[in-house]
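# Observations on the model geometry
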Number of protein chains: 2
Amino acid sequence: MRADENPSGAAPQSVEDFRMRLADLGDTLPKRLQQCATYVAANLDRIAVSTVAEMAAGADVPPSAFMRFCQIMGFSGYSDLQRLFREAYAPGFPDYATRLANLKSGAGGAGRLLAEFVEAGRMSLEGLAKSVDEAALAQAVDVLSRAGVIHVVGMRRAFPVASYLAYVFEKMTVPAMLHEGAGKLDQRHALREGDAVLAISFAPYSEETLSLAADARARGLAVVALTDTLSSPLARAADAVLTVQEVDFGAFRSLSATIAMAITLAVAVGTARKA
Amino acid sequence: MRADENPSGAAPQSVEDFRMRLADLGDTLPKRLQQCATYVAANLDRIAVSTVAEMAAGADVPPSAFMRFCQIMGFSGYSDLQRLFREAYAPGFPDYATRLANLKSGAGGAGRLLAEFVEAGRMSLEGLAKSVDEAALAQAVDVLSRAGVIHVVGMRRAFPVASYLAYVFEKMTVPAMLHEGAGKLDQRHALREGDAVLAISFAPYSEETLSLAADARARGLAVVALTDTLSSPLARAADAVLTVQEVDFGAFRSLSATIAMAITLAVAVGTARKA
DNA sequence: TAGCATATGGAACAAATATTCCAAATTCAA
DNA sequence: TTGAATTTGGAATATTTGTTCCATATGCTA
């Protein structure tokens, strides 16, 4: 799309119009303008109080690209766009704390649940940042970056984490294999000399994961454990033990902290292997 | 009162401080400054989005009088005062992009990486709490709790989320089926009248997910989308669209907010179906 | 009312911000 | 690969906005 071409005439007259136009534009935009669109869609409430430079920085584009975006959207420039949002600004969008309080006190239902899970997630992340054992983390990274193939295993609640790790490893071109319990088809013959196992398990620990870790250990492979406590049965078979505590809400445990640990591990290993 | 005299030292640090200072000043102010105080008290919410000129016009005083008012209140000028209100409104804003740039140059091992991913996760959760569309969430819960079997589909980065949903649904005894792209074995014959599809996809959207959603839609099944923007191609085929933005760190995106949304959805649906 | 202190308005200046423009990079098609 | 068309980034410029300063006005006290 050429920058001097205004796809559908006049500028949006309301925030609603604006959102529709944004949706219409969809994915027809070149890269930088797409970044603007995405960032703006996620931060509509900041337009009224930010400068072009700030918005551009947020979208990670130069200011001039953001200006082009404004024009594509049908405005004469950023000031013009901003006027729309300043006029519409009824201090409607409250800040995080207020919003959370509203959600919690609200008539219940899903919004309330969400507030609780968000809060639990934040607390888990905070706890992780405070309690991380950096030595163990460094050791885990070291072990995994020397390995041939990394075998990732996790069942039940740990399976999403395992599959996420497999995905990130793949993106970073680290040789990795996801072991699924599916069909109880044992994939452990794929373990070779020099490989490593990254095992993820939380109480109640799944038998398959424990046995794969123990097996690998017995055959002299390195094992890294991602688990809930140092006294976990998984810890016994491991060369490096990473622990993550999730704050639970009701009977449910989310995965915020575990996922954060997982991506850290994957990125650190990926980086180390390239060096 | 002399204009160069600052009645009680430092500038207010919060909107609450500000109001108290305003009240303290009471009616000890000269006429023009009193006008400012009155107008400001009645229009606190406009400060963030107005220029001095506009505020001054509102208070019916010249801009210079308004500037004096700002200084009497303990600020260095209008910009200083305005910053208080802009920050109160969008806390923690300044500014992730800048920090990222700093980080890239700085050293630091895995511990540092972890801190960044934790921070990104926290910001994502905050963003979710602020931007959640409660109506869409309620609708999604409604649709899914009426469905026969819930078909969960997600590839690549969305796959961990899909598998997590399948796990939680199972724990709550909600009939659900996880569609894996694996082996390209098409499982869509499992879709039956009265079922619903819960599709998860982020840019770049995976073809399989889109086509399954479109297919289900064409056959009259309900579709709920969990995606990154309202303009996502997935949104077009859906009866309810939930959007979640993850703050990225470098080239990497975690899943904190997405997982929080997923567990909320699963628990809300599970609860609704039991009622 | 004279003399002084304070308040006021506006014009001049400074700083921040928006906007344009164009050379260089990139992408796409032949 | 070459050339045409588009996209991109940044430097130059224009505009808006914030801030200071001071001559004048106002109100108070003696």
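Okay, so let's go over this structure. As the structure is a computational prediction, the values presented were derived from the model and not from experiment.

Helix and strand counts for chain A stand at 12 helices and 7 strands. Put simply, chain A has 275 residues, and 51% of those count as buried. Looking at chain A alone, contacts between residues at least 24 apart form 65% of all its contacts between residues at least 6 apart. About 11900 Å² of surface is accessible on chain A, with carbon and sulfur atoms providing 53% of the total.

As a further point, take unusual backbone geometry. Cis geometry is found at the peptide bond from A:A203 to A:P204, where omega equals -5 degrees. In this structure, A:T173 takes a positive phi of about 55 degrees despite not being glycine. Topologically, A:T173 is positioned in the loop between helix 9 (159-171) and strand 2 (176-179). Under the relative-accessibility criterion, A:T173 is labelled exposed at 64%. Even without a glycine there, the phi angle at B:D60 is positive, about 60 degrees. Relative to the helices and strands, B:D60 is located in the loop between helix 3 (52-59) and helix 4 (63-72).

Attention now moves to the sheet that holds strand 3 (residues 196-201) of chain B. All names here are of chain B. Judged by pairing direction, the sheet is parallel, and its 5 strands sit side by side in the order 2-1-3-4-5 without closing on themselves. Across the chains shown, the open sheet's two edge strands, defined by having one partner strand only, are strand 2 (176-179) and strand 5 (240-243). Neighbour-to-neighbour, the strand axes of this sheet turn through a mean angle of 15 degrees, independent of strand direction. Both strand 4 (residues 222-227) and strand 5 contribute to a ladder of 4 bridges, which runs parallel.

Attention now goes to the interface of chain A and chain B. Across the boundary between the two partners, chain A contributes 61 residues, which contact 54 residues of chain B. Between chain A and chain B, roughly 5600 Å² of surface is buried when both sides are summed, and carbon and sulfur atoms account for 70% of that area. For the pair chain A and chain B, the number of links is 2 salt bridges. The closest approach of N and O atoms between A:E126 and B:R122, which form a salt bridge, is 3.0 Å. Every element with two or more residues in the side of chain A that touches chain B is listed here: helix 1 (15-25), helix 2 (31-42), helix 6 (96-105), helix 7 (109-131), helix 8 (134-146), helix 9, strand 7 (252-253) and helix 12 (256-274) of chain A. Classifying every residue of the side of chain A that touches chain B by side-chain character gives 39 nonpolar, 8 polar and 14 charged.

Quick look at the packing of helix 2 of chain A against helix 3 (residues 52-59) of chain A now. Residue and element names in this part refer to chain A. The interhelical angle for the contact between helix 2 and helix 3, taken along N-to-C directions, is 105 degrees, at an axis separation of 9 Å. Judged by the angle between their axes, helix 2 and helix 3 are roughly perpendicular. Contact residues: Q35, C36, Y39 and V40 in helix 2; M55, G58 and A59 in helix 3. Class assignment of the residues belonging to the contact of helix 2 with helix 3 gives a composition of 5 nonpolar, 2 polar and no charged.

A few words now on the pattern of salt bridges. When the charged atoms of two side chains with opposite charge come close together, those side chains can pair. Residue and element names in this part refer to chain B. For the coordinates displayed, the defined rule picks out 10 salt bridges over all chains. Between R217 and D239 there is a salt bridge, with the nearest N and O atoms lying 2.9 Å from each other. A residue pair is termed long-range when its members are at least 10 positions apart, and R217 in helix 10 (residues 207-218) and D239 in the loop between helix 11 (233-236) and strand 5 qualify at 22 residues. Among the residues examined, R217 registers a relative accessible area of 36% and is labelled partly exposed.

This part covers the packing of aromatic side chains. Enumeration according to the criterion identifies 10 aromatic pairs over all chains in this entry. Plain terms: the ring middles of A:F117 and A:F249 are 5.1 Å apart, the flat faces sit at 90 degrees to each other, and that makes the pair edge-to-face. Here A:F117, found in helix 7, pairs with A:F249, found in strand 6 (residues 248-249); they are 132 residues apart in sequence, far enough to count as distant. Taken together, a centroid distance of 5.2 Å and an interplanar angle of 90 degrees make the contact between B:F18 and B:F85 edge-to-face. In this pair, B:F18 is assigned in helix 1 (residues 15-25) and B:F85 in helix 5 (residues 78-89), connecting sequence segments 67 residues apart. A residue is classified by how much of its surface remains accessible, and B:F18, at 0% relative accessible area, is buried. Over the ring of A:F202 we find A:R157, and its NZ or CZ is 4.6 Å from the ring centre.

This brings us to the sheet that holds strand 2 of chain A. Residues and elements named next belong to chain A. Ordered in space as 2-1-3-4-5, the 5 strands form an open sheet in which the pairing is parallel. Each end of this open sheet is capped by a strand with a single partner; those strands are strand 2 and strand 5 (240-243). Neighbour to neighbour, the strand axes of the sheet diverge by 15 degrees on average, direction disregarded. Pairing of strand 3 (residues 196-201) with strand 4 (residues 222-227) involves 6 bridges; the strand directions are parallel.

Let's shift gears to the pairing of strand 3 of chain A. Residues and elements named next belong to chain A. Extensive coverage of strand 3 is indicated by the burial of 6 of its 6 residues. The two faces of strand 3 match: A196, L198 and I200 on one face and V197, A199 and S201 on the other face are all buried. The sheet contact formed by strand 1 (residues 150-154) and strand 3 spans 5 bridges and is parallel. Along strand 3, the bridge assignment pairs V153 with A199. Handedness of the crossover joining strand 3 and strand 4 through helix 10 (residues 207-218) is recorded here as right-handed.

In this section: the environment of B:L178. Residue and element names in this part refer to chain B. Topologically, L178 is positioned in strand 2. A residue is classified by how much of its surface remains accessible, and L178, at 18% relative accessible area, is buried. Once the C-alpha coordinates of L178 and H151 are considered, the two residues, 27 residues apart in sequence, prove to be 6.1 Å apart.

This part covers the packing of helix 3 of chain B against helix 4 of chain B. Residues and elements named next belong to chain B. Where helix 3 contacts helix 4, the axes come no closer than 8 Å and their chain directions differ by 100 degrees. Relative to helix 4, the element helix 3 is oriented roughly perpendicular. Of the residues in helix 4, those in contact with V52, M55 and A56 of helix 3 are P63, F66 and M67.

Attention now moves to the environment of B:R273. Residue and element names in this part refer to chain B. You can see R273 is positioned in helix 12 (residues 256-274). Assessed through its relative accessible area of 26%, R273 is described here as partly exposed. In sequence terms R273 and L144 are 129 residues apart; their C-alpha atoms lie 8.9 Å from each other. Contacts of R273, omitting those with residues within four sequence positions, involve L144, S145, A147, G148, I150, V174 and P175. Here the side chain of R273 touches L144 through a polar contact of 3.0 Å, landing on its backbone oxygen.

About the criteria used
For every chain, the first residue of the written sequence is number 1, and numbering continues from 1 along that sequence. Throughout, the order in which chains and ligands are written sets their labels, letters from A for the former and numbers from 1 for the latter. Local features in a predicted model are, by the rule used here, given only for residues with pLDDT of at least 70; side-chain atom pairs are given and counted only at 80 or more, and totals for whole chains, interfaces and linings are based on all residues. Side-chain measures were taken over the full set of non-hydrogen atoms in the model, leaving aside hydrogen atoms and water. Think of it this way: any DSSP run of H or I at least four residues long counts as a helix, any run of E at least two long counts as a strand, and we number them from the N terminus. The rule is simple: take the accessible area with a 1.4 Å probe, protein chains only, and divide by the maximum for that residue type; under 20% is buried, over 50% is exposed, in between is partly exposed. A contact between two residues is defined here by any heavy atoms of the two lying within 4.5 Å. Only the protein chains shown count as cover for residues, and the accessible areas themselves come from Shrake-Rupley with a 1.4 Å probe. Whether two strands pair comes down to DSSP finding at least two bridges between them. All axes here are fitted lines through C-alpha atoms, helices being fitted over the stretch that makes contact, and every angle between N-to-C directions spans 0 to 180 degrees. Buried area adds together the accessible area that both of two parts lose upon being put together, with accessible area traced by a 1.4 Å probe. Each salt bridge in this description consists of a side-chain nitrogen of Lys or Arg and a carboxyl oxygen of Asp or Glu lying within 4 Å of one another. Classification convention: Asp, Glu, Lys, Arg as charged; Ala, Val, Leu, Ile, Met, Phe, Trp, Tyr, Cys, Pro as nonpolar; all other residues, Gly among them, as polar. For classification, angles of less than 35 degrees are called roughly parallel, those exceeding 145 degrees roughly antiparallel, those between 65 and 115 degrees roughly perpendicular, and all remaining angles oblique. Two rings from Phe, Tyr or Trp (for Trp, the six-membered ring) form a pair when their centres sit within 6.5 Å of each other. Planes less than 30 degrees apart are called stacked, planes more than 60 degrees apart edge-to-face, and all others tilted. A ring has a charge above it when a Lys NZ or an Arg CZ is no more than 6 Å from the ring centre and no more than 35 degrees off the ring normal. Think of it like this: strands point away, you trace from the first strand over the helix to the second, and a clockwise trace means the crossover is right-handed. Any N or O atom pair separated by 3.5 Å or less is treated as a polar contact, with the protein-specific requirement of one donor-capable and one acceptor-capable atom, and with residues adjacent in sequence counted only for side-chain atom pairs.

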